[in-house]
Amino acid sequence: MIDHISVGVSELERSARFYEATLATLGLIRLVTRPATVGFGKAYPEFWINLRAGMPRVPPESGVHICLRAKTTADVDAFHAAALAAGGASDGAPGIRPHDRVRYYAAFIVDPDGNRIEAVTFPAD
């Protein structure tokens, strides 16, 4: 249903380094670099960061977050660890999240601009 997504960032190169490290754990690499945007993906850019000079930090109460699919729980763990090592913050450590209809394993991070990103997988056991 969704072809691609983008988030605003206040410093393009800082954010590009952050997302290169973090998204690599999910198999996404930098595919496109332009003066004010960078696209990451597997075969084509699915996740974009766009420079918004002077952008204030995204407030936690915005309620917006983006969830990316991981293949395994180990990938979710790696996503979380890479984000923290690259200057992000935890918004929820990796773990099982029981839900009304489905059991899933996820981790939540906040990038240097306050964008909230989740990695999720659905383990069989």
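That block above? That's the structure.
Residues numbered from 1 in each chain as written. Predicted model: local features only at pLDDT ≥ 70, side-chain atom pairs only at ≥ 80, totals over all residues. Heavy atoms only, no water.

1. Some details on the environment of aspartate 75
To be explicit about the condition: Secondary structure elements follow DSSP: runs of H or I of four or more residues count as helices, runs of E of two or more count as strands, with numbering from the N terminus. When accessible area is computed with a 1.4 Å probe and restricted to protein chains, residues below 20% of their type maximum are described as buried, those above 50% as exposed, and intermediate ones as partly exposed.
Counting through the fold element by element, aspartate 75 comes out in helix 2 (residues 73–85). When its relative accessible area of 22% is taken as the criterion, aspartate 75 is described as partly exposed. C-alpha separation for the pair aspartate 75 and valine 64, spaced 11 residues apart in sequence, amounts to 23 Å.

2. Structural notes on the layout of surface pockets
For the record, the criterion: A pocket here means an open set of points on a 1 Å grid, computed over the protein atoms alone, that has protein on both sides within 12 Å along at least five of seven lines. A cavity is instead a set of points where a 1.4 Å probe fits but cannot get out; residues with an atom within 4 Å of a point line either one. Grid points are joined across faces, edges and corners, and a volume is the space filled by probe spheres set on the points.
Of the pockets and cavities examined, the largest pocket occupies roughly 320 Å³. Around the largest pocket, the lining comprises 13 residues; the ones closest to its centre are Ile5, Glu46, Cys67, Leu68 and Arg69. Sorting the residues of the lining of the largest pocket by element identifies strand 4 (45–51) and strand 5 (66–69) as the ones contributing at least two each. Ranked by the residues each element gives to the lining of the largest pocket, the list is headed by strand 5, at four residues.

3. Comments concerning the packing of aromatic side chains
The geometry of an aromatic ring pair is captured by two quantities: the separation of the ring centres and the angle between the planes. As a reminder, the rule being used: Any pair of Phe, Tyr and Trp rings, taking the six-membered ring for Trp, is counted once the centres come within 6.5 Å. Such a pair is stacked with planes under 30 degrees apart, edge-to-face with planes over 60 apart, and tilted for the rest.
Within the structure shown, the criterion is met by four aromatic pairs. An angle of 90° between the planes, with centres 4.9 Å apart, marks the rings of phenylalanine 18 and tyrosine 19 as edge-to-face. Note on accessibility: phenylalanine 18 and tyrosine 19 belong to one class, buried. Centroid distance tyrosine 104 to phenylalanine 122: 6.2 Å. Interplanar angle 50°. Geometry classified as tilted. Highlighted residues: tyrosine 104 in strand 7 (residues 103–110) and phenylalanine 122 in the segment after strand 8 (116–121), separated in sequence by 18 residues. Among the residues examined, tyrosine 104 registers a relative accessible area of 17% and is labelled buried. Residue phenylalanine 122 is classed as partly exposed on the basis of its relative accessible area, which comes to 37%. Of the aromatic side chains, those joined through ring pairs into one cluster are Phe18, Tyr19, Phe40 and Phe47.

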